[in-house]
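Listed below are the residues making up each chain.
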Amino acid sequence: MSHPMSSAAPIGVFDSGVGGLSVLAELRRALPREDFIYLADTAHLPYGTREDDDIRQLTARAVTALHGQGVKAVVVACNTASAFSLDHLRSHFALPIIGLVPAVKPALKATRTGVVGVLATPSTMRGSLLQTVIREYAEPTGIQVVKAASPELVPLIETGQANSPRTRAVLRDILTPIAEAGGDQLVLGCTHYPFLSGSIRAEFGDQFALVDSGAAVARHTRNVLEQSGLLTEVPQPGEVRYLVTGEVEAARPQLTMLSGGSAGLFAAPSPLDIAAIQT
Ligand code: DGL
(Lines give C-alpha, C1' and ligand atoms only; values in the text may rest on other atoms or scores of the structure.)
Protein backbone atom coordinates (compact mmCIF):
# COMPACT_ATOMS: atom_id res chain seq x y z
CA MET A 1 0.00 0.00 0.00
CA SER A 2 1.27 3.47 -0.67
CA HIS A 3 0.17 6.91 0.43
CA PRO A 4 1.49 10.33 -0.50
CA MET A 5 3.58 11.30 2.51
CA SER A 6 4.18 14.82 3.64
CA SER A 7 6.44 16.02 6.43
CA ALA A 8 3.44 17.95 7.78
CA ALA A 9 1.47 14.73 8.37
CA PRO A 10 1.12 13.32 11.89
CA ILE A 11 3.00 10.32 13.26
CA GLY A 12 0.83 7.31 14.15
CA VAL A 13 1.45 5.62 17.49
CA PHE A 14 -0.26 2.36 18.25
CA ASP A 15 -0.80 0.15 21.29
CA SER A 16 -3.52 -2.18 22.51
CA GLY A 17 -4.38 0.34 25.22
CA VAL A 18 -2.70 2.94 27.42
CA GLY A 19 0.76 1.32 27.43
CA GLY A 20 1.98 3.19 24.38
CA LEU A 21 1.42 6.44 26.27
CA SER A 22 4.73 5.74 28.02
CA VAL A 23 6.35 5.80 24.56
CA LEU A 24 4.26 8.72 23.29
CA ALA A 25 5.56 10.91 26.11
CA GLU A 26 9.15 10.21 25.05
CA LEU A 27 8.24 10.82 21.39
CA ARG A 28 6.70 14.18 22.28
CA ARG A 29 9.78 15.07 24.27
CA ALA A 30 12.12 14.16 21.36
CA LEU A 31 9.87 15.57 18.64
CA PRO A 32 7.99 18.49 20.23
CA ARG A 33 6.78 20.03 16.96
CA GLU A 34 5.32 16.83 15.50
CA ASP A 35 1.62 16.03 15.54
CA PHE A 36 0.64 12.54 16.71
CA ILE A 37 -2.36 10.27 16.35
CA TYR A 38 -2.44 7.74 19.17
CA LEU A 39 -4.54 4.66 18.46
CA ALA A 40 -5.51 2.35 21.34
CA ASP A 41 -7.16 -0.90 20.30
CA THR A 42 -9.20 -0.95 23.49
CA ALA A 43 -11.88 -3.19 21.97
CA HIS A 44 -9.35 -6.03 21.70
CA LEU A 45 -6.97 -5.70 24.61
CA PRO A 46 -5.08 -7.37 26.12
CA TYR A 47 -2.89 -8.59 23.27
CA GLY A 48 -0.43 -10.30 25.60
CA THR A 49 -2.49 -13.46 25.99
CA ARG A 50 -3.60 -13.77 22.34
CA GLU A 51 -2.41 -16.19 19.66
CA ASP A 52 0.36 -15.11 17.26
CA ASP A 53 -1.92 -14.80 14.22
CA ASP A 54 -4.54 -12.92 16.13
CA ILE A 55 -1.95 -10.34 17.26
CA ARG A 56 -0.64 -10.03 13.70
CA GLN A 57 -4.12 -9.46 12.26
CA LEU A 58 -5.23 -6.96 14.89
CA THR A 59 -2.00 -5.01 14.49
CA ALA A 60 -2.35 -4.94 10.68
CA ARG A 61 -5.91 -3.63 11.07
CA ALA A 62 -4.76 -0.91 13.44
CA VAL A 63 -1.91 0.17 11.16
CA THR A 64 -4.30 0.18 8.19
CA ALA A 65 -6.56 2.51 10.18
CA LEU A 66 -3.65 4.83 10.98
CA HIS A 67 -2.54 4.74 7.36
CA GLY A 68 -6.08 5.77 6.41
CA GLN A 69 -5.66 8.83 8.68
CA GLY A 70 -2.71 9.92 6.51
CA VAL A 71 0.12 9.36 8.98
CA LYS A 72 3.70 9.66 7.69
CA ALA A 73 5.13 6.89 9.91
CA VAL A 74 3.88 4.42 12.50
CA VAL A 75 5.45 3.63 15.86
CA VAL A 76 4.22 0.25 17.06
CA ALA A 77 4.43 1.21 20.75
CA CYS A 78 3.69 -2.31 21.93
CA ASN A 79 6.24 -5.07 22.47
CA THR A 80 3.64 -7.78 21.94
CA ALA A 81 2.46 -6.39 18.59
CA SER A 82 6.06 -5.77 17.49
CA ALA A 83 7.04 -9.34 18.34
CA PHE A 84 4.66 -10.80 15.77
CA SER A 85 4.04 -8.08 13.20
CA LEU A 86 7.01 -5.99 12.13
CA ASP A 87 8.08 -8.01 9.06
CA HIS A 88 4.49 -8.30 7.91
CA LEU A 89 3.82 -4.57 8.36
CA ARG A 90 7.02 -3.51 6.62
CA SER A 91 6.20 -5.63 3.60
CA HIS A 92 2.67 -4.21 3.35
CA PHE A 93 3.03 -0.49 4.05
CA ALA A 94 5.20 1.99 2.16
CA LEU A 95 5.87 4.14 5.20
CA PRO A 96 8.41 3.90 8.02
CA ILE A 97 7.31 1.34 10.63
CA ILE A 98 9.19 1.61 13.93
CA GLY A 99 8.81 -1.20 16.42
CA LEU A 100 10.23 -2.10 19.79
CA VAL A 101 11.95 -4.91 21.54
CA PRO A 102 12.49 -5.21 25.31
CA ALA A 103 15.55 -3.15 26.31
CA VAL A 104 17.74 -6.14 27.16
CA LYS A 105 20.88 -4.68 25.57
CA PRO A 106 21.25 -1.63 27.85
CA ALA A 107 20.43 -3.80 30.88
CA LEU A 108 23.22 -6.23 29.92
CA LYS A 109 25.66 -3.31 29.76
CA ALA A 110 24.57 -1.91 33.11
CA THR A 111 24.40 -5.02 35.29
CA ARG A 112 26.94 -5.35 38.09
CA THR A 113 25.60 -8.61 39.47
CA GLY A 114 25.43 -10.45 36.13
CA VAL A 115 21.71 -11.10 36.54
CA VAL A 116 19.08 -9.27 34.50
CA GLY A 117 15.33 -9.66 34.94
CA VAL A 118 12.85 -9.31 32.07
CA LEU A 119 9.17 -8.62 32.76
CA ALA A 120 6.95 -8.97 29.68
CA THR A 121 3.60 -10.31 28.52
CA PRO A 122 3.25 -14.07 27.96
CA SER A 123 3.11 -13.49 24.17
CA THR A 124 6.23 -11.33 24.07
CA MET A 125 8.07 -14.07 25.99
CA ARG A 126 7.09 -16.53 23.27
CA GLY A 127 7.97 -14.22 20.37
CA SER A 128 11.19 -14.52 18.44
CA LEU A 129 12.35 -10.87 18.90
CA LEU A 130 13.08 -11.29 22.60
CA GLN A 131 14.50 -14.77 22.18
CA THR A 132 16.85 -13.53 19.45
CA VAL A 133 18.14 -10.64 21.57
CA ILE A 134 18.78 -13.00 24.49
CA ARG A 135 20.52 -15.56 22.26
CA GLU A 136 22.67 -13.03 20.42
CA TYR A 137 23.56 -10.60 23.19
CA ALA A 138 23.05 -12.22 26.60
CA GLU A 139 24.14 -15.80 26.08
CA PRO A 140 27.65 -14.99 24.78
CA THR A 141 28.32 -12.84 27.89
CA GLY A 142 27.26 -15.47 30.43
CA ILE A 143 24.88 -12.95 32.00
CA GLN A 144 21.85 -14.71 33.43
CA VAL A 145 18.44 -13.55 32.18
CA VAL A 146 15.52 -14.37 34.49
CA LYS A 147 12.07 -13.95 32.96
CA ALA A 148 8.76 -13.08 34.57
CA ALA A 149 5.36 -12.84 32.89
CA SER A 150 1.80 -12.36 34.05
CA PRO A 151 -1.51 -12.14 32.19
CA GLU A 152 -2.92 -9.98 34.99
CA LEU A 153 -0.80 -6.84 34.91
CA VAL A 154 -2.08 -5.17 31.71
CA PRO A 155 -5.77 -5.52 32.68
CA LEU A 156 -4.94 -4.13 36.14
CA ILE A 157 -3.23 -1.08 34.60
CA GLU A 158 -6.05 -0.58 32.11
CA THR A 159 -8.56 -0.49 34.95
CA GLY A 160 -6.67 2.11 36.96
CA GLN A 161 -5.17 -0.34 39.44
CA ALA A 162 -1.44 0.14 38.77
CA ASN A 163 -0.86 1.02 42.42
CA SER A 164 -3.38 -1.33 44.00
CA PRO A 165 -2.71 -4.05 46.60
CA ARG A 166 -3.59 -6.71 43.97
CA THR A 167 -0.98 -5.34 41.53
CA ARG A 168 1.64 -5.19 44.25
CA ALA A 169 0.85 -8.79 45.23
CA VAL A 170 1.25 -9.97 41.60
CA LEU A 171 4.55 -8.10 41.29
CA ARG A 172 5.80 -9.48 44.61
CA ASP A 173 4.98 -12.96 43.45
CA ILE A 174 6.56 -12.85 39.99
CA LEU A 175 9.56 -10.59 40.69
CA THR A 176 10.76 -12.23 43.91
CA PRO A 177 12.62 -14.98 41.97
CA ILE A 178 14.52 -12.25 40.07
CA ALA A 179 15.39 -10.45 43.29
CA GLU A 180 16.47 -13.72 44.93
CA ALA A 181 18.69 -14.54 41.94
CA GLY A 182 20.46 -11.20 42.55
CA GLY A 183 19.00 -9.28 39.60
CA ASP A 184 19.98 -5.60 39.62
CA GLN A 185 18.34 -4.59 36.30
CA LEU A 186 14.69 -5.10 35.48
CA VAL A 187 13.74 -4.73 31.83
CA LEU A 188 10.16 -3.47 31.51
CA GLY A 189 9.37 -5.41 28.34
CA CYS A 190 5.83 -4.14 27.89
CA THR A 191 4.99 -0.50 27.31
CA HIS A 192 2.35 -0.65 30.03
CA TYR A 193 4.91 -1.50 32.70
CA PRO A 194 6.57 1.91 33.23
CA PHE A 195 3.24 2.72 34.91
CA LEU A 196 4.12 0.05 37.50
CA SER A 197 7.31 1.82 38.60
CA GLY A 198 5.70 3.06 41.83
CA SER A 199 4.44 -0.38 42.80
CA ILE A 200 7.74 -2.06 41.93
CA ARG A 201 9.64 0.50 44.04
CA ALA A 202 7.15 0.07 46.89
CA GLU A 203 7.77 -3.69 46.93
CA PHE A 204 11.45 -3.91 46.06
CA GLY A 205 12.94 -0.49 46.88
CA ASP A 206 16.11 0.11 44.86
CA GLN A 207 16.85 -3.55 44.20
CA PHE A 208 16.41 -3.06 40.45
CA ALA A 209 17.22 -0.31 37.99
CA LEU A 210 14.11 -0.14 35.78
CA VAL A 211 14.97 -0.16 32.08
CA ASP A 212 12.49 0.57 29.30
CA SER A 213 12.75 1.33 25.58
CA GLY A 214 10.74 4.57 25.38
CA ALA A 215 13.57 7.10 25.07
CA ALA A 216 15.58 4.89 22.68
CA VAL A 217 12.56 4.39 20.42
CA ALA A 218 11.94 8.13 20.38
CA ARG A 219 15.56 8.80 19.35
CA HIS A 220 15.33 6.11 16.69
CA THR A 221 12.06 7.57 15.36
CA ARG A 222 13.68 10.97 15.10
CA ASN A 223 16.60 9.52 13.13
CA VAL A 224 14.30 7.58 10.79
CA LEU A 225 12.21 10.68 10.05
CA GLU A 226 15.31 12.78 9.52
CA GLN A 227 16.82 10.26 7.11
CA SER A 228 13.52 10.03 5.21
CA GLY A 229 13.18 13.83 4.98
CA LEU A 230 9.97 13.61 7.01
CA LEU A 231 10.69 15.83 10.02
CA THR A 232 8.06 18.55 10.26
CA GLU A 233 9.00 22.08 9.30
CA VAL A 234 6.24 23.81 11.25
CA PRO A 235 7.53 25.94 14.13
CA GLN A 236 4.67 25.56 16.61
CA PRO A 237 4.27 22.77 19.23
CA GLY A 238 2.59 19.61 17.94
CA GLU A 239 -0.77 18.23 19.03
CA VAL A 240 -2.08 14.76 19.86
CA ARG A 241 -5.36 13.20 18.81
CA TYR A 242 -6.49 9.96 20.44
CA LEU A 243 -8.46 7.21 18.71
CA VAL A 244 -9.93 4.19 20.48
CA THR A 245 -11.63 1.12 19.05
CA GLY A 246 -13.78 0.61 22.14
CA GLU A 247 -15.99 3.02 24.08
CA VAL A 248 -14.61 6.56 24.18
CA GLU A 249 -15.94 7.40 27.63
CA ALA A 250 -14.71 4.12 29.08
CA ALA A 251 -11.20 4.93 27.87
CA ARG A 252 -11.19 8.60 28.83
CA PRO A 253 -10.18 8.41 32.53
CA GLN A 254 -7.09 6.27 31.97
CA LEU A 255 -6.04 8.08 28.78
CA THR A 256 -6.36 11.40 30.58
CA MET A 257 -4.49 10.24 33.65
CA LEU A 258 -1.61 8.57 31.79
CA SER A 259 -1.27 10.76 28.70
CA GLY A 260 1.70 12.51 30.28
CA GLY A 261 3.60 9.19 30.42
CA SER A 262 4.91 7.46 33.53
CA ALA A 263 6.85 10.56 34.58
CA GLY A 264 3.84 12.84 34.02
CA LEU A 265 5.81 14.84 31.43
CA PHE A 266 2.82 16.50 29.81
CA ALA A 267 -0.33 17.88 31.39
CA ALA A 268 -3.47 16.54 29.68
CA PRO A 269 -5.65 19.18 28.05
CA SER A 270 -9.19 19.05 29.31
CA PRO A 271 -11.07 17.38 27.76
CA LEU A 272 -8.69 15.14 25.82
CA ASP A 273 -9.44 14.97 22.05
CA ILE A 274 -10.61 11.32 21.80
CA ALA A 275 -12.66 9.77 18.98
CA ALA A 276 -13.91 6.27 18.24
CA ILE A 277 -12.64 4.36 15.22
CA GLN A 278 -13.33 0.90 13.83
CA THR A 279 -10.34 -1.11 12.69
N1 DGL B 1 1.60 -2.70 25.78
C2 DGL B 1 1.75 -3.99 25.20
C3 DGL B 1 3.20 -4.41 25.16
O4 DGL B 1 4.08 -3.57 25.13
C5 DGL B 1 0.97 -5.15 25.72
C6 DGL B 1 -0.38 -4.95 26.16
C7 DGL B 1 -1.33 -6.09 26.05
O8 DGL B 1 -1.12 -7.20 26.55
O9 DGL B 1 -2.33 -5.79 25.43
O10 DGL B 1 3.50 -5.57 25.12
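See the structure printed just above.
**Let's talk about the site of the ligand**
With respect to spatial proximity, 13 residues lie near the ligand, and among them Ser 16, Tyr 47, Gly 48, Asn 79 and Thr 80 are the closest. The separation between an oxygen atom of the ligand and a polar main-chain atom of Tyr 47 is 2.6 Å. Considered on its own, the ligand offers 300 Å² of accessible surface; in the complex 99% of this is hidden by protein. Taking a 2 Å distance to the grid points as the criterion, the majority of the atoms of the ligand fall inside the largest cavity.

**Here we look at the state of the cysteines**
Counted by the stated rule, this structure contains zero disulfides. Unpaired in this structure, Cys 78 has its nearest cysteine sulfur neighbour in Cys 190, at a distance of 6.6 Å. Take Cys 190: its relative accessible area is 6%, and that puts it in the buried class.

**Quick look at the environment of Arg 241**
You can see Arg 241 is positioned in strand 9 (residues 240-244). Each C-alpha atom, one on Arg 241 and one on Asp 35, is 8.2 Å from the other, the two residues being 206 residues apart in sequence. Setting aside its immediate chain neighbours within four residues, Arg 241 contacts Phe 36, Ile 37, Tyr 38, Gln 69 and Asp 273. A distance of 3.2 Å separates the side chain of Arg 241 from the side chain of Gln 69, its partner in a polar contact.

**Description of the nonpolar core**
Counting residues in each nonpolar core, the largest one holds 54 residues, and the members touching the most others are Leu 119, Leu 175 and Leu 255. Top element by residues in this core is helix 8 (residues 165-180). It accounts for six residues. Split by domain, the residues of this core number at least three in each of domain 1 (11-100 + 214-276) and domain 2 (104-211). Not counting the four nearest positions on each side in its chain, Leu 175 is found in contact with Leu 119, Ala 148, Leu 186, Ile 200, Phe 204 and Phe 208. In this structure, Ala 81, Leu 86, Leu 95 and Ile 277 belong to the second largest nonpolar core, which totals 25 residues.

Reading the values: the criteria
Sequence order as written defines the numbering, with residues in each chain counted from 1. Local features are withheld for residues below a pLDDT of 70 in this predicted model, meaning they are given only at 70 or higher, and side-chain atom pairs are given and counted only at 80 or more; totals for whole chains, interfaces and linings count all residues. Values shown for side chains rest on all heavy atoms present in the structure; no hydrogens or waters enter the calculation. Proximity criterion: a residue is near a molecule or strand once any of its heavy atoms comes within 4 Å of it. What qualifies as a polar contact is a pair of N or O atoms within 3.5 Å, subject to a donor-acceptor requirement within protein and to the restriction that residues adjacent in sequence count only when both atoms come from side chains. Only the protein chains shown count as cover for residues, and the accessible areas themselves come from Shrake-Rupley with a 1.4 Å probe. Grid points spaced at 1 Å over the protein atoms alone were grouped into cavities, where a 1.4 Å probe fits but cannot get out, and pockets, open sets with protein on both sides within 12 Å along at least five of seven lines, with lining residues defined by an atom within 4 Å of a point. For a cavity or pocket, the test is whether more than half of a molecule's atoms lie within 2 Å of its grid points; if they do, the molecule sits there. Throughout, a disulfide means two cysteine sulfur atoms within 2.5 Å of one another. Relative accessibility thresholds used throughout: buried, under 20% of the residue-type maximum; exposed, over 50%; partly exposed, between the two (1.4 Å probe, protein chains only). Helix numbering and strand numbering both begin at the N terminus, where a helix is a DSSP run of H or I of at least 4 residues and a strand a DSSP run of E of at least 2. Residues are treated as being in contact if the distance between any of their heavy atoms lies within 4.5 Å. The nonpolar core is taken to be a set of buried Ala, Val, Leu, Ile, Met, Phe, Trp, Tyr and Cys residues, with the residues joined through side-chain atoms within 4.5 Å. Either an automatic procedure or a domain database provided the assignment from which the domain bounds are taken.

Read these as spatial facts, not as claims about activity.
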